Structure formats: structure tokens, C-alpha cells
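# Tertiary structure, described
Next come the chains, spelled out residue by residue.
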Amino acid sequence: MEITLEKRGVSCVAKLLDDKAPRTCEAVWNALPLGKDVFHGKYARNEIYTLVPAFAEVEPGTENPTITPIPGDVAYFTFANWQLSTSSHGYAQGGRPQEAESIVDLALFYERNNLLLNPDTGFVPGNIFATITEGLDRIAEAAQDLWLSGVIGESLTFKRA
């Protein structure tokens, strides 16, 4: 799978972890391409992600979960729309799929020392369904630039490689 920051023209390649997260891998693979506005993690630290309307015919459920992702982990989270509506999340109008009842967060972790802890709700385990095998250094540098320069106008896409 190829993951790209479109405006910056920076991509990486991730290998699906079919043996550890088969339902999540199948759901994502069948829905590709996916992507929208990119966000930089506020609570988790070294994370970039996009929010898309839920796409799985049957939600994959929990598999290969973690609250401490490592560099190169690619994660899948599902949220009910109301979970992302608090002003503390900082999403501007239109910055998330407002109409969707369920929202999927596809996230890429680019550096160490991440903890999936939301002050509003507590621990937020994510399904680790892929690992970056090529280009982690390039995407990490671009992600750090997102943190420093801002995310406006940038999108994060996931597609078949």
C-alpha cells in the first residue's frame, strides 16, 4: 500500500499485516483508495492521520491492538461521529466527515514515544494493520514539517501500490 502526502509529494510504502489483522486489512484493501485532509496528532504525539466515513461492510473489531504504536505503524480506529465533535479536538467545520455516523481514522506513526491517551475518553487502542517498509524517513521529515508549518491544504491518501 502506498501512503502519500499529496501537496508535498512525499510517499512511503506499507506492508499489510494480513496475519495479525486480517479483517482490518481486508476492509481497508477493499476500500482503497482512501484519504482526505491530513491532521497531525495532538495527544498521541508523532502521528499524522486522515478521517474518512466508515467504509467496512462489517466493522473489523479489535485485532492487533496497541496504545503504544512505534515508528512505521499504520493504525485503524473507528469513532462514532459524536466522539470527534468536542471543540478540544480542533476540527474546523468540514474538517471531518460530519454526515457520517461512524468515522474511520487512518493513522501513520513516524517517531517513538507515542501514547494513545485522549484526555476526554482515556486510552484509545488502535488496530495496527500495516507497517512502513520503504520511505519512513521521508514521510517522518514531511510529518514534522506538518507539525511546524501547518496542515492546511495538505491531504493524506492511501492507495494500492
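Calculation notes
Residues numbered from 1 in each chain as written. Predicted model: local features only at pLDDT ≥ 70, side-chain atom pairs only at ≥ 80, totals over all residues. Heavy atoms only, no water. Pairing = 2+ DSSP bridges. Helix = DSSP H or I, 4+ residues; strand = E, 2+ residues; numbered from the N terminus. Salt bridge = Lys/Arg side-chain N within 4 Å of Asp/Glu carboxyl O. Buried < 20%, exposed > 50% of the residue type's maximum accessible area, 1.4 Å probe, protein only. Contact = heavy atoms within 4.5 Å. Expected span 1.5 Å × (residues − 1). Arc of directions from axis to C-beta. Polar contact = N/O pair within 3.5 Å; in protein donor to acceptor, adjacent residues only side chain to side chain. Core = buried A, V, L, I, M, F, W, Y, C linked by side-chain atoms within 4.5 Å.

## Looking at the pairing of strand β3 (residues 34–40)
Bridge analysis of β3 against strand β11 (residues 155–159) gives 4 bridges, and the strand direction is antiparallel. Along β11, the bridge assignment pairs L34 with F158. Two elements, β3 and strand β4 (residues 47–53), share 3 bridges in a ladder whose sense is antiparallel. Bridge pairing in β4 places F39 opposite Y49.

## Observations concerning the pattern of salt bridges
This model, assessed by the stated rule, comprises 5 salt bridges. Across the pair K159 and E2 runs a salt bridge whose closest N-O atoms are separated by 3.6 Å. Here the residue K159 occupies a position in strand β11, and E2 occupies one in strand β1 (residues 2–5), the gap between them amounting to 157 residues. A salt bridge links E6 to K159; the shortest N-O distance between them is 3.8 Å.

## Considerations on the environment of S102
Here S102 shows up in strand β7 (residues 102–109). Judged by its relative accessible area of 30%, S102 falls in the partly exposed class. Here the alpha-carbon distance between S102 and K36, two residues 66 residues apart in the chain, equals 16 Å. Apart from residues no more than four positions distant in its own chain, S102 is found in contact with V52, P53, A54, T78 and F79.

## A closer look at the environment of R138
Of note, R138 is situated in helix α2 (residues 136–149). R138 gets classed as partly exposed once you look at its relative accessible area, which sits at 48%. Put simply, R138 and Y110 are 28 residues apart on the chain and 9.7 Å apart in space, counted from C-alpha to C-alpha. Not counting the four nearest positions on each side in its chain, R138 is found in contact with V10 and S11.

## Section: α2
Taking 1.5 Å per residue as the helical rise, α2 with its 14 residues ought to reach 20 Å, and the 19 Å between its terminal C-alpha atoms agrees with that figure. I139, A140, A142, A143 and L146 are the residues of α2 that are buried. Down the axis of α2, the sector holding all buried residues measures 165°, keeping them to one side. Those residues of α2 that are exposed and angled more than 90 degrees off the buried face are D137, E141, L148 and S149. Structurally, α2 contributes buried residues whose contacts are with β1, β2 (10–16), β3, β4, β7 and β10 (126–134). Backbone geometry just downstream of α2 places G150 in the positive-phi region, at approximately 105°.

## Some points on the side chain of H40
Within the fold, H40 resides in strand β3. Accessibility expressed as a relative area gives 12% for H40, which makes it buried. Polar side-chain contacts of H40 include one of 2.7 Å to the side chain of Y110. Excluding residues that lie within four positions of it along the chain, H40 makes contacts with R45, E47, I48, Y49, Y110, A143, W147 and V151.

## Re the nonpolar core
Formed by 31 residues in total, the largest nonpolar core has its most connected members in M1, I3, I48, V74 and F129. Here this core takes 5 residues from α2, the largest share from any one element. Each residue touching I3, except ones within four places of it in the same chain, is listed here: V10, S11, C12, A14, V74, L108, I139, L156, T157 and F158. Of all hydrophobic cores here, the second largest spans 16 residues; its members include F39, Y49, F79 and I128.

Scope: geometric values only; no functional claims are made or implied.
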